[in-house]
Amino acid sequence: MNGDGRLDILNAYGWWEQPGDEKQLAAKATAKESGAAAPWKYHRAPFGRYGRNGEGGRVMGVYDVNGDGLNDAVTSLNAHGFGLAWFEQKRDGTFAEHMTMDNFSTKNAGNVTFSEPHGTAFADGDGITDLIVGKRFWSHREDYLDPDPYGAAVLYWYRTVRNPKAAGGAEFVPELIDNRSGAGSDVFAADINKDGALDILTATRFGTFVFWGKPGAFKRK
């Protein structure tokens, strides 16, 4: 998260900074008897939003969204509710929230609105990472524990577009992949058939799906 080359840990409430070698050495004397390593520093940040069935997203992305050299966080705000957002990291280490999609009462990117953005994935096919996300249809079976349970089972690819006129210097542009599959608990993106294009896999209540990417089909403007 802080660009030091070491992997950190995120959740809906903040992130834990992996200690460097110098910190490990400094803590070695006190941790030797207990066998513990140096503690990870916790940084509080609201990367989620509380809802009836929990808070935060399933998989969170960390990459430089707007090209300013700082890593940002991209996530769904509630896997069983509404909300997609990216959090712009500032030079002082704080984060500014930029909404991509909220609920049916708000203005959302591409006029796209769906609930239960549980399964998310992040993939890079052209040098800038994008978000893949969809609706987990009937997360808790056929009931109304989650909002809009009968909404279309959509799967979207959100292109990361760096735009100096947009809030934070970037925006997410949705492209519909399918509206009868949705996204399960997980979404996987990789070049499965080695043709140079990213493919997308997910398993949902409607079955297991593979969406084959077409080589050369996308050219970033």
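Summary of the structure given here.

Cut-offs and rules
Residues numbered from 1 in each chain as written. Predicted model: local features only at pLDDT ≥ 70, side-chain atom pairs only at ≥ 80, totals over all residues. Heavy atoms only, no water. Helix = DSSP H or I, 4+ residues; strand = E, 2+ residues; numbered from the N terminus. Buried < 20%, exposed > 50% of the residue type's maximum accessible area, 1.4 Å probe, protein only. Areas by Shrake-Rupley, 256 points an atom, 1.4 Å probe, with all protein chains shown as cover. Core = buried A, V, L, I, M, F, W, Y, C linked by side-chain atoms within 4.5 Å. Contact = heavy atoms within 4.5 Å. Pairing = 2+ DSSP bridges. Axes fitted to C-alpha atoms, helices over the stretch in contact; angles between N-to-C directions. Salt bridge = Lys/Arg side-chain N within 4 Å of Asp/Glu carboxyl O.

When helices and strands are tallied, the protein chain shows one helix and 16 strands. Counting the 221 residues in the protein chain, one finds 42% classified as buried. Just so you have it, the protein chain exposes about 12100 Å², and 52% of that area is on carbon and sulfur atoms.

Residues Val65, Val74, Leu84, Phe114, Leu131, Tyr158 and Phe172 are the most contacted members of the largest nonpolar core, which totals 15 residues. When contributions to this core are tallied by element, the ones reaching two or more residues are β8 (84–89), β11 (129–134), β12 (155–162) and β13 (170–178). Beyond its immediate chain neighbours, meaning those up to four positions away, Phe114 contacts Phe82, Leu84, Met101, Val133, Gly134, Lys135, Val154, Tyr156 and Tyr158. Core analysis: the next-biggest nonpolar cluster, separate from the first, contains nine residues, Met1, Ala85, Phe87 and Phe95 among them.

Looking now at the sheet that holds strand β15 (residues 199–204). With antiparallel pairing, three strands are arranged side by side in an open sheet as β14-β15-β16. Edge positions in the sheet fall to β14 (187–190) and β16 (207–211), since each of these pairs with one other strand and no more. For this sheet the average axis-to-axis angle between neighbouring strands, irrespective of direction, equals 15°. Summarising the sheet, β15 and β16 pair through five bridges and their orientation is antiparallel. Looking across to β16, one finds that Leu201 is bridged to Val210.

Counted by the stated rule, this structure contains six salt bridges. Between Glu116 and Lys135 there is a salt bridge whose closest N-O contact spans 3.0 Å. Separated by 19 residues along the polypeptide, Glu116 in the loop between β9 (95–101) and β10 (120–124) and Lys135 in the loop between β11 and β12 bring together distant segments of the chain. A relative accessible area of 0% places Glu116 in the buried class. A residue is classified by how much of its surface remains accessible, and Lys135, at 1% relative accessible area, is buried.

With that settled, consider unusual backbone geometry. Backbone geometry places Asn111, a non-glycine residue, at a positive phi of 55°. Tracing the chain through its elements places Asn111 in the loop between β9 and β10. For Asn111, a relative accessible area of 70% gives the class exposed. For Asp148, which is not glycine, the phi torsion reads 50° and is therefore positive. Looking at where Asp148 falls in the secondary structure, it is placed in the loop between β11 and β12.

To continue, consider the pairing of β15. Consecutive side chains of a regular strand alternate in pointing toward one face of the sheet and then the other. In this sheet, β15 lies alongside β14 in antiparallel orientation, the contact comprising four bridges. Bridge pairing in β15 links Phe188 to Leu201. The hairpin formed by β15 and β16 contains two residues between the paired strands.

Nothing here speaks to function; it is geometry throughout.
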